[in-house]
Amino acid sequence: MLLDIPSWTAVLLTLTTSTTILISRDWRALLGALALQYLAAFWLVTRHLPLAMGSVKLIAGWMSVAVLGMTRINLTPVEDRDQDRFYPRGSAFRLLLMGIVILVSAGSAPRIEAAIPGMGLPVIAAGLLLVGAGLAQLGVTNDLLRVTLALLSILAGFEILYAAVESAILVTGLLAAVNLGLGVVGSYLMTAGSVPLIAPEDEE
Amino acid sequence: MSAPILWIGAPLLAGAAIFFLLNEKYSAYAGGGVAALLSLIALFIPIDTALLLGSLSLKISPAIEVFGRSFEFSAADGPLLAMIYGVSALWFFGSESTGSARRFSSLGLMIVALLTASLAVEPFLYAALLLEVAAMLIVFLLVPIYQTPGRGVVRYIVYQTLAMPFILFSGWMLAGVEANPGDLRTILESGIMLSMGFAFLFAVFPLYNWIPQLMEESPPFAVGFLLWALPVFTVIFALGFLDRYTWLRNTEQISNAILFSGVLMTASGGIFGALQRHLGRIMAYAAIAETGLFLAALGLNSSDLADIVFLALIPRGLELSVWALALSIIKRRAYPLKFSDIQGLARKYPIAAGSLILAHLSVAGFPLLAGFPARIALFQALSVESLGAAFWVFLGLWGLLTSAFRTLAALVMSAEETPWEVNETWAQTLMLAVGALGLFALGFFPQIMQPFLASLPQLFEHLVQ
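Numbers given for residues are sequential positions, taken from 1 along each chain in its written order. Starting at A for chains and at 1 for ligands, labels are handed out in the order in which the entities are written. In keeping with the predicted nature of the model, local features appear solely for residues at pLDDT of at least 70, side-chain atom pairs appear and are counted solely at 80 or more, and the whole-chain, interface and lining totals rest on all residues. The side-chain numbers reported here are obtained from all heavy atoms of the structure, hydrogens and water having been left aside.

**Let's talk about empty space enclosed by the protein**
Residue and element names in this part refer to chain B.
Then, number 1: A pocket here means an open set of points on a 1 Å grid, computed over the protein atoms alone, that has protein on both sides within 12 Å along at least five of seven lines. A cavity is instead a set of points where a 1.4 Å probe fits but cannot get out; residues with an atom within 4 Å of a point line either one. Grid points are joined across faces, edges and corners, and a volume is the space filled by probe spheres set on the points. Per the counting criterion, the structure on display carries eight cavities of 30 Å³ or more.
Then, number 2: What the largest cavity holds in volume is close to 100 Å³.
Then, number 3: Around the largest cavity, the lining comprises 15 residues; the ones closest to its centre are Phe 202, Ala 203, Ile 211, Leu 227 and Pro 231.
Then, number 4: Only DSSP runs of H or I reaching four residues or more are called helices, and only runs of E reaching two or more are called strands; each is numbered from the N terminus. Elements represented by at least two residues in the lining of the largest cavity include exactly α7 (184–202), α8 (210–217), α9 (220–244) and α12 (279–298).
Then, number 5: The element that contributes the greatest number of residues to the lining of the largest cavity is α9, accounting for four residues.

**With respect to the domain arrangement of chain B**
Residue and element names in this part refer to chain B.
Then, number 1: Marked domain ranges trace back to an automatic or database domain assignment. According to the domain assignment, chain B contains domain 1 (1–122) and domain 2 (149–459).
Then, number 2: Distance between the C-alpha centres of domain 1 and domain 2: 24 Å.
Then, number 3: Listed by partner, the interface residues are 28 residues for domain 1 and 28 residues for domain 2.
Then, number 4: Summed over both sides, the interface between domain 1 and domain 2 buries roughly 2400 Å², with carbon and sulfur atoms accounting for 84% of that surface.
Then, number 5: As used here, buried area is the combined drop in accessible area, with a 1.4 Å probe, of two parts when they are placed together. Considering only the surface of domain 1 that becomes buried against domain 2, Met 83, Trp 91 and Ser 97 emerge as the three largest contributors, covering 30% of it.
Then, number 6: For this analysis, a salt bridge means a side-chain nitrogen from Lys or Arg found within 4 Å of a carboxyl oxygen belonging to Asp or Glu. In this assembly, domain 1 and domain 2 are joined by zero salt bridges.
Then, number 7: We define a polar contact as two N or O atoms separated by no more than 3.5 Å, with the added condition that, inside protein, one atom must be a possible hydrogen donor and the other a possible acceptor, whereas residues neighbouring each other in sequence contribute only through side-chain atom pairs. Across the domain 1-domain 2 interface, the total number found is zero residue pairs in polar contact (both at pLDDT 80 or more). The criterion used for residue contact is that any of the two residues' heavy atoms lie within 4.5 Å.

**Section: a nonpolar patch on the surface**
Then, number 1: On the surface, B:Phe205, B:Ile271, B:Phe272, B:Leu275, B:Phe391 and B:Trp392 cluster together into a nonpolar patch covering about 580 Å² of accessible area.
Then, number 2: Only α11 (252–274) and α17 (387–412) of chain B provide two or more residues apiece to the nonpolar patch. Patch members must show over 30% relative accessible area and no salt bridge, and they are joined within 9 Å when carrying like charges or within 5 Å when they are nonpolar side chains of Val, Leu, Ile, Met, Phe, Trp or Tyr. In short, Shrake-Rupley with a 1.4 Å probe defines the accessible areas, and a residue's cover is counted only from the protein chains shown.

**Let's talk about the pairing of strand β3 (residues 63–66) of chain B**
Residue and element names in this part refer to chain B.
Then, number 1: Strand direction decides the pairing type here: β3 and strand β4 (residues 69–72), joined by four bridges, are antiparallel. When the bridges of β4 are listed, Val 66 appears paired with Arg 69.
Then, number 2: Counted along the chain from β3 to the antiparallel partner β4, the turn is two residues long, and its residue Phe 67 has a positive phi close to 50°. For two strands to be treated as a pair, DSSP must find no fewer than two bridges joining them.

**A short note on the side chain of B:Gln160**
Then, number 1: Take B:Gln160: it is sitting in helix α6 (residues 151–179).
Then, number 2: Residues contacting B:Gln160, with those up to four places away along its chain left out, are B:Glu132, B:Ala135, B:Phe200, B:Leu201, B:Trp210 and B:Leu230.

**Description of the packing of aromatic side chains**
Residues and elements named next belong to chain B.
Then, number 1: Classification of ring pairs uses Phe, Tyr and Trp, with its six-membered ring standing for Trp, and accepts pairs whose centres are within 6.5 Å; under 30 degrees between planes counts as stacked, over 60 as edge-to-face, and the remaining range as tilted. A complete count under the given rule lists 35 aromatic pairs over all chains for this structure.
Then, number 2: The interplanar angle of 70° and the centroid separation of 5.1 Å between the aromatic rings of Phe 104 and Phe 225 together place this pair among those described as edge-to-face. With a gap of 121 residues between them, Phe 104 in helix α4 (residues 101–120) and Phe 225 in helix α9 connect regions that are remote in the sequence.
Then, number 3: Burial status follows relative accessibility: with a 1.4 Å probe on protein chains alone, a residue under 20% of its type maximum counts as buried, one over 50% as exposed, and anything between as partly exposed. With a relative accessible area of 2%, Phe 104 lands in the buried category.
Then, number 4: Residue class for Phe 225 comes out buried when judged on its relative accessible area of 0%.
Then, number 5: Between the aromatic rings of Phe 394 and Trp 398, the centroid separation amounts to 6.3 Å while the plane-to-plane angle is 25°, which identifies the pairing as stacked. Separated by four residues within a single helix, Phe 394 and Trp 398 lie in helix α17, roughly one turn from each other.
Then, number 6: Among the residues examined, Phe 394 registers a relative accessible area of 45% and is labelled partly exposed.

**Quick word on the interface of chain B and chain A**
Then, number 1: Residue-level contacts link 33 residues of chain B with 36 residues of chain A.
Then, number 2: Counting each side, the surface lost to burial between chain B and chain A is near 3100 Å², with a carbon and sulfur contribution of 84%.
Then, number 3: Seen at the junction of chain B and chain A, the total is one salt bridge.
Then, number 4: A salt bridge links B:Arg69 to A:Glu166, with the shortest nitrogen-to-oxygen separation between them at 3.8 Å.
Then, number 5: Taken together, the links from chain B to chain A amount to three residue pairs in polar contact (both at pLDDT 80 or more).

**Structural notes on the pairing of β4(B)**
Then, number 1: Pairing between β4(B) and strand β5 (residues 121–122) of chain B: two bridges, direction antiparallel. Paired with B:Ser70 across the two strands is B:Glu122, which belongs to β5(B).

**Regarding the nonpolar core**
For soluble globular proteins, nonpolar side chains are generally found buried alongside one another.
All names here are of chain B.
Then, number 1: To qualify as a nonpolar core, a set must consist of buried Ala, Val, Leu, Ile, Met, Phe, Trp, Tyr and Cys residues joined through side-chain atoms within 4.5 Å. Grouped together as the largest cluster of nonpolar side chains are 253 residues, with contacts concentrated most on Trp 7 and Phe 241.
Then, number 2: By residue number, the principal contributor to this core is helix α13 (residues 305–333), which donates 19 residues.
Then, number 3: In this structure, this core is formed jointly by two domains, domain 1 (1–122) and domain 2 (149–459), each of which donates at least three residues.

**What to know about unusual backbone geometry**
All names here are of chain B.
Then, number 1: In this chain, Glu 122 is followed by Pro 123 through a cis amide linkage whose omega measures 0°.
Then, number 2: Among the secondary structure elements, Pro 123 is positioned in the loop between β5 and α5 (127–142).
Then, number 3: Cis geometry is found at the peptide bond from Phe 205 to Pro 206, where omega equals 0°.
Then, number 4: The residue Pro 206 is located in the loop between α7 and α8 in this model.
Then, number 5: A positive phi is found at Leu 337, a non-glycine position, where the angle reads about 70°.
Then, number 6: Residue position: Leu 337 is located in the loop between α13 and α14 (339–342).
Then, number 7: For Leu 337, a relative accessible area of 1% translates into the label buried.

**What about the sheet that holds β5(B)?**
Then, number 1: Sheet architecture is open: three strands sit in the order β3-β4-β5 (chain B), paired in antiparallel fashion. Whereas interior strands pair on both sides, the edge strands pair on one side only; in this sheet they are β3 and β5 of chain B.

**So, the pattern of salt bridges**
Then, number 1: Counted according to the given criterion, the structure contains eight salt bridges over all chains.
Then, number 2: Residues A:Glu159 and A:Lys57 are paired through a salt bridge, measuring 2.9 Å at the closest nitrogen-oxygen approach. Remark: A:Lys57 occurs in helix α3 (residues 51–73) and A:Glu159 occurs in helix α6 (residues 144–163); sequence separation between them is 102 residues. Each member of the pair A:Glu159 and A:Lys57 is classed as buried.
Then, number 3: Ionic contacts of the salt-bridge type, sharing partners, join the residues B:Glu290, B:Arg316 and B:Arg375 into one network.

Written out as structure tokens, the structure reads:
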């Protein structure tokens, strides 16, 4: 049980960061929370995978955060508009959504633990929390940065769960590529449209 | 030389080289040339068989190992690789006329290489990861850097990303089902997981809303390439599942669910297509309806299942490439491609307009065109299983035919005295003419596809029995 204290701390960190990502409007807080989320995911993944493979996930995740952060910092205020048009979109509604995610995760984690023994309750709880929070985020936003963060959260949750059943190096490598790729695609989409169309004759 | 290096590594490198080293002018020829060469090699040099050229012995070994997992092609994969790279060559040569040849040829080659890797990877479940990486690369084709991304592309990447975890988890669960076939709960759970994964990948009703949106927002040629590449490789991936797990194809409920979703896609795609007034959206719904036909074929309880699927799969590349190229040419003059914008354009772009209508009719299953033999074979098999399903598929194709005639009416709607002009370039004319001839050739002589169909029993040995 003592061994589980760090894992449960990681679950708590996951809960805090995913709630921050769902509620906060400051992009710095969003990316900071995502970086911390990868730290929690790293700890939980290493319950089942060797440290080196867990580190790959952590580094790939942090690289995605860095790519998104560098892109976001360079966007001009005009591009900085909040694209969300969803109602209701207040913090209270998002907190309610997160509450539902917590309830569903708390309800299903013990049942999954019973169905797949050996996975570990903290691993399942954190995985479900991240997937649930990511899905909730996808449901209430159109903003490209938030959509990318939601997809990265879902993938992080999935990776925590999948690490318990699959330990192939190729899968770890490809999942890292997918994480990085999502970061790059998100950055590209955020940048697209801000570059003016220049005809070849204008370039000369 | 090993087969995965030749058909995965080489196009990846060639794609990167085209992007960094070549300019717009030569990129399409380089990309098309590389794809055509790979297609010819696949067609004429058997994998894992020694060839003697004078004193020189040439052998393409079938597999390589990467991080403890293998990428493997068998001799039976040769015709399939030839088909994939042959159709890719058409797309890359066609990109010469679209004004984005460098980006298209380089990224396109890399995408096809990744998708081909998804056919070779063992265990084959990992294909879901490679499909996701390829899907992400396609985003760079869909959204030029100067264009603000719309909702369609965001939905596309969300749906493709959600598919991957479902498929990977279902694969792990299916292994459990194999170990304990009597466990109904695991069977049900893995079936649901797998269905969800493929529902996202195939863009099953109602998850296909991103396709018409994307056709409005993005370059038609790039979207056409996406609508060819992803469904084709997903179908082959799905055939792999059906071949590997006997219980999947023997469970009546699963077959019925696949058949029903396919029929629903075809019917809804055809009917919605008939109601559109935007050429891009019409093409999107036609592609949806055709993907529905693949699903309907996958749901058949017939040993001819793989034959029918491939009979429909091969012409799709030709139909969509001709259609997308014609649409790209017309879009330059008639943005944003609504009926009101294209009125009378048949007299200004007769070759593009004619090719567009031919491709449309072929997707609708018009006699003597490339899509016709597959539709006939499907109707024959479908009517034995369910007349109701055959009726709804017929209704969907009828909707496509209606939209083809509406498009034709809009294109020829011009004043009597409007003179005929040919505004297509020679390269555009050549590409469209070759494509249109191909549509007729596959319709008149469907036996051209026989070499591809002949290798199916070795590719899917449990499915074709």
